[in-house]
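Coordinates in review
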Amino acid sequence: MVLSVAVCLVGLWWTVDALPQTKGEKPDPAGVLALLPSLVGVVLGGWGAWAGIQALQNQHTASVIAEELAGLVARVEGAQYRQLLGSGRAAPDGRIDLAFTVTATGMSSPRADGTLEGVADYYRGLRPGRVVITGTPSEGRDGQSGGDAGTGKTVLALSLILGLAKERSPQEPVPVRLTAASWPGSDIRDWLRTHLTDVYRLPRREAARLVDANLVLPVIDGLDEMDPGTAPGYTSRAAALLRCVERFEHGGEHCPVVVTCRHAHYQALVEAGTEPRIVAHIAVARVDASRAHRYLSQRVAGTERGRARWQPVLSALDTVTAGPAGTVQPEHTLLAETLDTPWRLTLAATVFEERTADGGYLRDPGDLLVLALGGHLYEYLLDRYIGAAVAARHWGSDGTPRPSGTDTADAVWRRLAFLARYLNDNSGPQDGPPRCVAGHALSSTDLVLHELWPLGGKHRTRWTERVLAVAAPLLLVSPAGLLVPGDDFELVVLWAFLLCFTVLYRPAWPKPWRIDLGRLRTPTGRRALALGSTVGFSIGFLIFFGLFYSIFGLFYETDEASAPRLLQDSLVVGLAFGLATGLAVGLARGLMSKQEQAGVLPHHLVRMDLTAAVVFGPVTAVAATLLSGLVSLLAFNTIYGTSFGDLPFLTVSFFGLMIGAFIFGIPVAGGSAALRYFALLLHTRRKLPWRLGRFLDVCYELGILRVSGTAWQFRHRELQDHLATHPVPPPRS
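Okay, so let's go over this structure. (Residues numbered from 1 in each chain as written. Predicted model: local features only at pLDDT ≥ 70, side-chain atom pairs only at ≥ 80, totals over all residues. Heavy atoms only, no water.)

Observations concerning the overall build of the protein
- In terms of helices and strands, the protein carries 27 helices and 15 strands.
- In the protein, buried positions account for 50% of the 733 residues.
- Considering only contacts in the protein between residues 6 or more positions apart, those separated by 24 or more positions represent 75%.
- Accessible surface, the protein: about 33400 Å² in total, of which carbon and sulfur atoms supply 60%. (Helix = DSSP H or I, 4+ residues; strand = E, 2+ residues; numbered from the N terminus. Buried < 20%, exposed > 50% of the residue type's maximum accessible area, 1.4 Å probe, protein only. Contact = heavy atoms within 4.5 Å. Areas by Shrake-Rupley, 256 points an atom, 1.4 Å probe, with all protein chains shown as cover.)

Spelled out as C-alpha cells, the structure:
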C-alpha cells in the first residue's frame, strides 16, 4: 500500500510538473483527473487488506497465543538453563537435584520440602502460587553464617519455568521470567505487557489479551540486584516492587507470582515490613556430599578413565556421606564444605578437566584434597577458571579439537578484569550511594554496550560523539553538493550551519531505538506522530525560511520591488521544507520505539539502533525530496503560473539530503546510542576489542558471563570481585 501511494504521489508530481510545459497546448483533463480515482482505489484496497488482517487476528484466541508462547519460553529458557549448568548448547552431562525447604505464610503447603526435579509438581499444589526463592546461608566454623551466593536460586527458578511451560493445561498460565532490575516502576500487568512485546515480539493486542486473561505467570529474578548494599529498606526499589506484587490480584484474589532473592536481602526486606503477606518461602539447601558425588559422577566421571582420575575426590565425598563426622579426615570434610554449591562444583569440574594442546589433562583432581586442606581451594579455582573455560572452547564434547579463537586466555582475563574493575568502582563507597554520571546511577552488575561509555571518559566520549554526529552526515552530503547548479552553489556553503543544531542537543544517556511499524496503531504512537510533526514543522519552517531569506539576501542584490517576492519565495520554501521536516520528525517519533527492556540479545541493541538511523535517513531524504518538491511546485505554479521556472530537481534533492542528514544527526530516529558506543571503542582501543559485543557474547558461550535482559553479567559476583582485584592473570599451571 505504501509503495502504491508513493507511485501515485510521484505521478501527481510529474503531472503538475508537466502541465506548465505544455506551452499553450490544451492539456487532457481526463488524463490528469484519472490519477485521483486511482489514488482512492489504492487507499480503499489497503483498508480492505488491513480489515482482513484484523479479522484473522481476532481468531487468534488467548489460549492459542498462550500455547505458542509456552513453546517459545521453553526454547529460550532451556538454552539459558543449559548455559547455567555449564553444557552450552548441548544437553547437560550432569545436574544436581537440589533440595529445598518450604515455610508457608498465610497459605497451605502440600509438604515442607522438595527437590529440583519435582519443583513444578510441587508448585502446582500451592494455592495461590506465590513463592519467594532464596538460598541457605553457609555456616562457618566460627559460628558465623555466610552468604548464599551460587546455591542455585536461578537454576531452581528456570527448572520451575521449564516444567510448567512444557507440561501445562490450557487453563494454566505461561511462566515468563522478568529481570527485577528492569522494573520500570509500573504495575505488574503493564510490565508484563511491555515485556511480552519487547522480548517475545508479541503484538500489543495479543500481549494485552494474554495478560488480561491471567495466562502469564511472572517469575521475577534477582530482587537483590535492584539496590546497592546488602540491606534494602522500606524506601528501596526492591521494597516498592514487593508492594506492587502485593497489589497484583484479580477478582479479589492474589495472582500467582515467583520471586528470587538472596537470603540476606530478603531478610532485610522482611524486617522492614515489606514482605508479601501470603507467600511460600522456598530456601534452596546447600549441596551435600552425596549430591556432589552424584553430580561429579555424571559430569566428569562417566567413563572408566574419568572414574579413575576422579576416584580420590569421589572416595572423599563417600566418606563424608557415610560419616560419622568424628571419623572423617579433615581434608575430606573441608572438600565437601568447599564444594557445597552448584557454582563451586562447576568451577572444580571445569578447571580440572582442562586439557593441554596435545589433548592431555593439565591437572590431577587429587590435588583438590590438598588445596582444600590448605584453605585456598576456592581462590585456586577462580584463578584458573578463565583459562580452563577458554581452553574448553577448543575441544568438542567428543574429545575432538575444534578451531581455536583469536583471543588468548590472558587477553580474555585482562579485558574482563578491566570491565569488572569498572563495575566495582560504580558501587561507590562502602554503604554509600552508587557512582553517578550525568544524573544517572551507574550499574555495578550490568554490562550494556551503549551504557559503558563512562569507561572512555565521561567528557571526552560525549564530545567525540558530537564530532561523529556532524562528521558522518558531512561526509555523506558534501559530495552531493558538488552536483548542485552553479547558481545555487552558495547554498552548499551554509548548509553545514544546519548540522550545528545536531550538537546543541545530545542526550547524556542515549537509548537505542528500533523501527516498530505497529506503534502507529497505538494511541502513544499516534500522539508521538502528531507532536513530532508539529514540532518538526515549526523547526523546519523557521530554519529553511531563515536560511533561504538570509542566503538570497546576502548573495543577491534586492531592491524594493524584489523584496516582496523574496519574502514570498522564502515563505513557500519554508512551508515546503517545513512540511517535509515535520513529516520526517513525526514519523521518526511515531515509528521509533526505545528498546530499553530485556528481550533482544544484548549485542543486537546497538545494531538495531544503527539500522534504524541508517534506514530512516535515506528514506527521509527521498520522502523529503518528493514532498518538498511537490509542495514547492504546486505553490510556485499557483503563484506565478507557467512563466515561473520551477526549482531545479538537483537543488530540491540536495535539500532533501540535508533534511535526511538532519534527522540522522538529531537523536529522534536512532543512531545516538550507536555513535556513543563507537566513541567508547575509540577511547578504549588498548583495553577492549573493536567487536566488544562479539567478545562478550563469546564469554557468555564459555560460561563466564550470563545474560540478564539486555545486559551481560558476570556469572557470579564472586568471579567479578576476583577479577576486579586481580587485573593481571595468574601464571598458567
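Some thoughts on the nonpolar core
- In terms of nonpolar packing, the biggest core is built from 150 residues, with Leu 196, Leu 241, Leu 296, Leu 381 and Ile 704 touching the most fellow members.
- Apart from the residues lying within four places of it in its own chain, the contact partners of Leu 296 are Ala 301, Trp 310, Val 313, Leu 314, Leu 317, Leu 345 and Ala 349. (Core = buried A, V, L, I, M, F, W, Y, C linked by side-chain atoms within 4.5 Å.)

Focus: the packing of aromatic side chains
- In this structure the tally under the stated criterion is six aromatic pairs.
- Seen from their ring centres, Trp 310 and Phe 352 are 6.4 Å apart, and the 75 degrees between their planes marks the pair as edge-to-face. Taken as a pair, Trp 310 in helix 12 (residues 304-322) and Phe 352 in the loop between helix 14 (342-351) and helix 15 (367-374) lie far apart in primary sequence, 42 residues in all. Of the two residues, Trp 310 and Phe 352, both sit in the buried class.
- Residues Trp 343 and Tyr 385 carry aromatic rings whose centres are separated by 5.6 Å and whose planes lie at 80 degrees to one another, so their mutual orientation is edge-to-face. Remark: Tyr 385 occurs in helix 16 (residues 377-392) and Trp 343 occurs in helix 14; sequence separation between them is 42 residues. Here the two residues Trp 343 and Tyr 385 agree in accessibility, since each one is buried.
- Among the aromatic residues, those joined into a ring-pair cluster are Trp 310, Phe 352 and Tyr 380.
- Sitting over the face of the ring of Tyr 361, Arg 309 holds its NZ or CZ atom 3.7 Å from the ring centroid.
- One Lys or Arg, Arg 676, reaches over the ring of Trp 453 and ends 4.7 Å from the middle of that ring. (Phe/Tyr/Trp six-rings, centres within 6.5 Å; stacked < 30°, edge-to-face > 60°. Lys NZ or Arg CZ within 6 Å of the ring centre and 35° of its normal.)

Observations concerning the pairing of strand 4 (residues 174-179)
- The buried fraction of strand 4 is high, at six of six residues.
- Pairing analysis gives six bridges linking strand 4 to strand 5 (residues 216-221), with the strands arranged parallel. Opposite Val 176, over in strand 5, you have Pro 218 as the bridge partner. (Pairing = 2+ DSSP bridges.)

Looking at the environment of Gly 518
- With respect to the helices and strands, Gly 518 occurs in the loop between strand 12 (513-515) and helix 21 (523-555).
- Judged by relative accessible area, which is 15%, Gly 518 ranks as buried.
- Between the alpha carbons of Gly 518 and Pro 203 there is a distance of 7.8 Å; along the sequence they are 315 residues apart.

What to know about unusual backbone geometry
- The step from Arg 127 to Pro 128 runs through a cis peptide bond, and the omega angle for that step is -10 degrees.
- Along the chain, the position of Pro 128 falls in the loop between helix 5 (119-124) and strand 3 (130-135).
- The backbone phi angle of Asn 214 is positive, close to 55 degrees, even though this residue is not glycine.
- Within the secondary structure layout, Asn 214 lies in the loop between helix 8 (204-212) and strand 5.
- Relative accessible area serves as the criterion here: at 25%, Asn 214 is assigned to the partly exposed category.
- Notably, Ala 438 is not glycine yet its phi reads approximately 55 degrees, a positive angle.

Things to note about the side chain of Arg 130
- Mapped onto the fold, Arg 130 is located in strand 3.
- You can call Arg 130 buried: its relative accessible area is 2%.
- At 2.7 Å, the side chain of Arg 130 and the backbone oxygen of Phe 248 are in polar contact.
- With near-sequence residues (within four places) excluded, Arg 130 lies in contact with Met 107, Val 245, Glu 246, Phe 248, His 254, Cys 255, Pro 256, Val 257, Ile 278, Val 279 and Ala 280. (Polar contact = N/O pair within 3.5 Å; in protein donor to acceptor, adjacent residues only side chain to side chain.)

Side note on a nonpolar patch on the surface
- A surface patch of nonpolar side chains, amounting to about 260 Å² of accessible area, comprises Ile 515, Leu 517 and Val 615.
- Summarising the element assignment, Ile 515 is placed in strand 12. (Patch = residues over 30% accessible without salt bridge, like charges linked within 9 Å, V, L, I, M, F, W, Y side chains within 5 Å. Salt bridge = Lys/Arg side-chain N within 4 Å of Asp/Glu carboxyl O.)

With respect to the side chain of Thr 274
- With respect to the helices and strands, Thr 274 occurs in the loop between helix 10 (263-271) and strand 9 (279-284).
- From its side chain, Thr 274 meets the backbone oxygen of Leu 269 in a polar contact 3.0 Å long.
- Setting aside residues no more than four positions away along its own chain, Thr 274 makes contact with Tyr 234, Ala 239, Leu 242, Arg 243 and Leu 269.

Quick look at the pairing of strand 15 (residues 711-714)
- The side-chain alternation of strand 15 yields two buried faces, one formed by Ala 711 and Gln 713 and the other by Trp 712 and Phe 714.
- Direction of pairing for strand 14 (residues 705-708) relative to strand 15: antiparallel, over a ladder of four bridges. Bridge pairing in strand 15 places Val 707 opposite Trp 712.

Some thoughts on the sheet that holds strand 5
- Across the sheet, seven strands lie side by side as 2-1-9-3-8-5-4; this open sheet has mixed pairing. What marks the edges here is a single partner per strand, and that holds for strand 2 (113-115) and strand 4. Averaged over all pairs of adjacent strands, the angle between strand axes in this sheet comes to 25 degrees, irrespective of strand direction.
- In the packing of helix 7 (residues 188-199) onto the sheet, contacts are made with strand 4 and strand 5, and the angle to strand 4 comes to roughly 95 degrees. (Axes fitted to C-alpha atoms, helices over the stretch in contact; angles between N-to-C directions.)

That's the geometry; what it means functionally is another story.
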